[in-house]
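Observations on chain architecture
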Amino acid sequence: MRILAIDTSCDETSAAVLKDDAVISNVVSSQVDLHRKWGGVVPDLARRAHEENIDAAVSEALKRSHTSAQEIDVFAATYGPGLALALKVGLKKGQDLAIKYNKPFIPINHMEGHLLSAFAKNANGKNPKAPTTRDFPMIALLVSGKHTDLVYTKEIGDYTVIGETLDDAAGEAFDKVARMLNLGYPGGPIIEEFAKKGKIGRFPLPVPMEKSDDLNFSFSGLKTACLYKIKDIETKYKSPRFWVYDFCADFLESIIKSLVGKLNRCVTQYQVGGILLGGGVISNVALRKRIRDAMKTRTLPVFTPYNPILCTDNAGMIGLAAFFSFKRKAPYCFTGDAIQSIDRDPAACISHLPVIHPT
Ligand code: KG4
Ligand code: ZN
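Thoughts on the overall build of the protein
The number of helices and strands found in the protein is ten helices and ten strands. The C-alpha atoms of the protein give a radius of gyration of 20 Å, which matches the 21 Å a tight globule of 359 residues would have. Along the three orthogonal principal directions, the C-alpha set of the protein runs to about 65 × 45 × 40 Å. Across the 359 residues of the protein, 55% fall into the buried class. A separation of at least 24 residues holds for 73% of the contacts in the protein among residues at least 6 apart in sequence.

Describing the side chain of Asn26
Checked against the element boundaries, Asn26 lands in strand S3 (residues 22–30). Of note is the side chain of Asn26, whose polar atom sits 3.1 Å from the side chain of Asn314. Reaching out from Asn26, the side chain makes a polar contact with the backbone nitrogen of Gly316 at a distance of 3.0 Å. Every residue in contact with Asn26, bar those within four places of it in the chain, is listed here: Ser14, Ala15, Ala16, Arg64, Ile309, Leu310, Asn314, Ala315 and Gly316.

Focus: the site of ligand 1
As a structural note, the neighbourhood of ligand 1 is formed by 21 residues, with Gly145, Asp175, Glu192, Gly280 and Asp313 the closest of them. In the environment of ligand 1, an oxygen atom lies 3.0 Å from a nitrogen or oxygen atom belonging to the backbone of Gly171. Asp175 places a side-chain nitrogen or oxygen 2.7 Å from an oxygen atom of ligand 1. Looking at the shell around ligand 1, the element that brings in the most residues is helix H6 (residues 187–196), giving four residues. By residue class, the composition of the shell around ligand 1 is five nonpolar, twelve polar and four charged.

Let's talk about the side chain of Ser117
As for its position among the elements, Ser117 is in the loop between helix H4 (110–116) and strand S6 (138–143). Not counting residues within four places of it along the chain, the set of residues in contact with Ser117 comprises Leu277, Gly278, Pro305, Leu310, Met317 and Leu320.

Structural notes on the pairing of strand S5 (residues 105–109)
Most of S5 sits inside the fold, with five of its five residues counted as buried. Side-chain alternation along S5 places Phe105, Pro107 and Asn109 on one buried face and Ile106 and Ile108 on a second face that is also buried. Across five bridges, strand S4 (residues 74–80) lies against S5 in parallel orientation. Within the sheet, the bridge partner assigned to Gly80 lies in S5 and is Asn109. In this fold, the crossover linking S4 to S5 by way of helix H3 (residues 84–100) has right-handed handedness.

Details of the packing of aromatic side chains
Tallying each qualifying case throughout the model produces eleven aromatic pairs. Seen in terms of ring centroids, Phe119 and Phe324 are 5.7 Å apart; in terms of plane orientation they differ by 75°. Their pairing is edge-to-face. Taken together, the positions of Phe119 in the loop between H4 and S6 and Phe324 in helix H10 (residues 316–328) put the pair 205 residues apart, joining distant regions of the chain. When the ring of Phe217 is compared with that of Phe219, the centres are 6.2 Å apart and the planes differ by 10°; the resulting orientation is stacked. For Phe219, a relative accessible area of 0% corresponds to the buried category.

The rules we used
Residues numbered from 1 in each chain as written. Chains lettered and ligands numbered in written order. Predicted model: local features only at pLDDT ≥ 70, side-chain atom pairs only at ≥ 80, totals over all residues. Heavy atoms only, no water. Helix = DSSP H or I, 4+ residues; strand = E, 2+ residues; numbered from the N terminus. Rg over C-alpha atoms; globule rule 2.2 N^0.38 Å. Buried < 20%, exposed > 50% of the residue type's maximum accessible area, 1.4 Å probe, protein only. Contact = heavy atoms within 4.5 Å. Polar contact = N/O pair within 3.5 Å; in protein donor to acceptor, adjacent residues only side chain to side chain. Near = heavy atom within 4 Å. Nonpolar A, V, L, I, M, F, W, Y, C, P; charged D, E, K, R; others polar. Pairing = 2+ DSSP bridges. Right-handed = clockwise from strand over helix to strand, strands pointing away. Phe/Tyr/Trp six-rings, centres within 6.5 Å; stacked < 30°, edge-to-face > 60°.

And the structure:
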């Protein structure tokens, strides 16, 4: 089965072609340069850029996979969660293509894409490290720019959010602290590089929610603590700012401790067979290593996407979720006039699929 999938939930215009669960092409056209000077995503600029780039992204995905639009069996696109203005562009494109070629259409929850990303196979149909159905139930830790979720995953399609952020997401904290330090946008990859050059322990920061008994996260307090600490440090140390490396190391340490701490608490409470990791922040190598080390002592396998491009926003993971949805059939798969009735849902929650409200 050939799937063409689209994601325009935030600031990446992405289109991918899959053959079943194998990602044949995965085109990601980033708008980072456009939003950099604002230090974050500007929804109206994102919408315009998606409109300008979507056709080229779809054509490129088809070209790289040596597939024609007529050969696609199923079209899929993200319906939520995400920025309303941005979601609309990709969703409409997917619906229009399905109607034009008279094929089924599958609306996909963006967080389900992140959750399933470790299942993706490469263009040759291989991924020896992918999870299997024997590993269920699993806990998914999804860490992105807008979400920090712990999801009890009984099986594919059966999800319950058991922990989430009460305010800012972890990725948002990376972006905001990078902005305070004038490091650029997006903050996560830059802070990761700076942290490698620094030493932990010079500027200790609080570990968010370390003492709370629940499975929720909170990163806005850490952000405020960073703001005060940076002001304090700046008055003490003038340039050159070598202290920034150490500061980034301590900031990353605080985030890692918070995420690993809650994951440990979670697997103490829930009997599971493995851990699924997904979302942009999961591309952080130090974070992945610490999670693996923590889970090793519990002999729990940790599954990550085979390629970091599948961690940050991309349509490959949306196509993968579509592959599994298609196997589950109705009510996930739409045909004919019903396709047009699917609306975006910027606040869609993964706990209750499908969260689609026909208009
Ligand atoms: O999943 P994603 O691409 O988009 C959303 O769905 O939000 O995640 C984007 C977030 C950004 O906040 C970015 O700073 C963060 O992921 N990020 C990272 C790294 N790469 C991206 N955070 C920490 N370390 C990284 N290497
Ligand atoms: Zn995402």
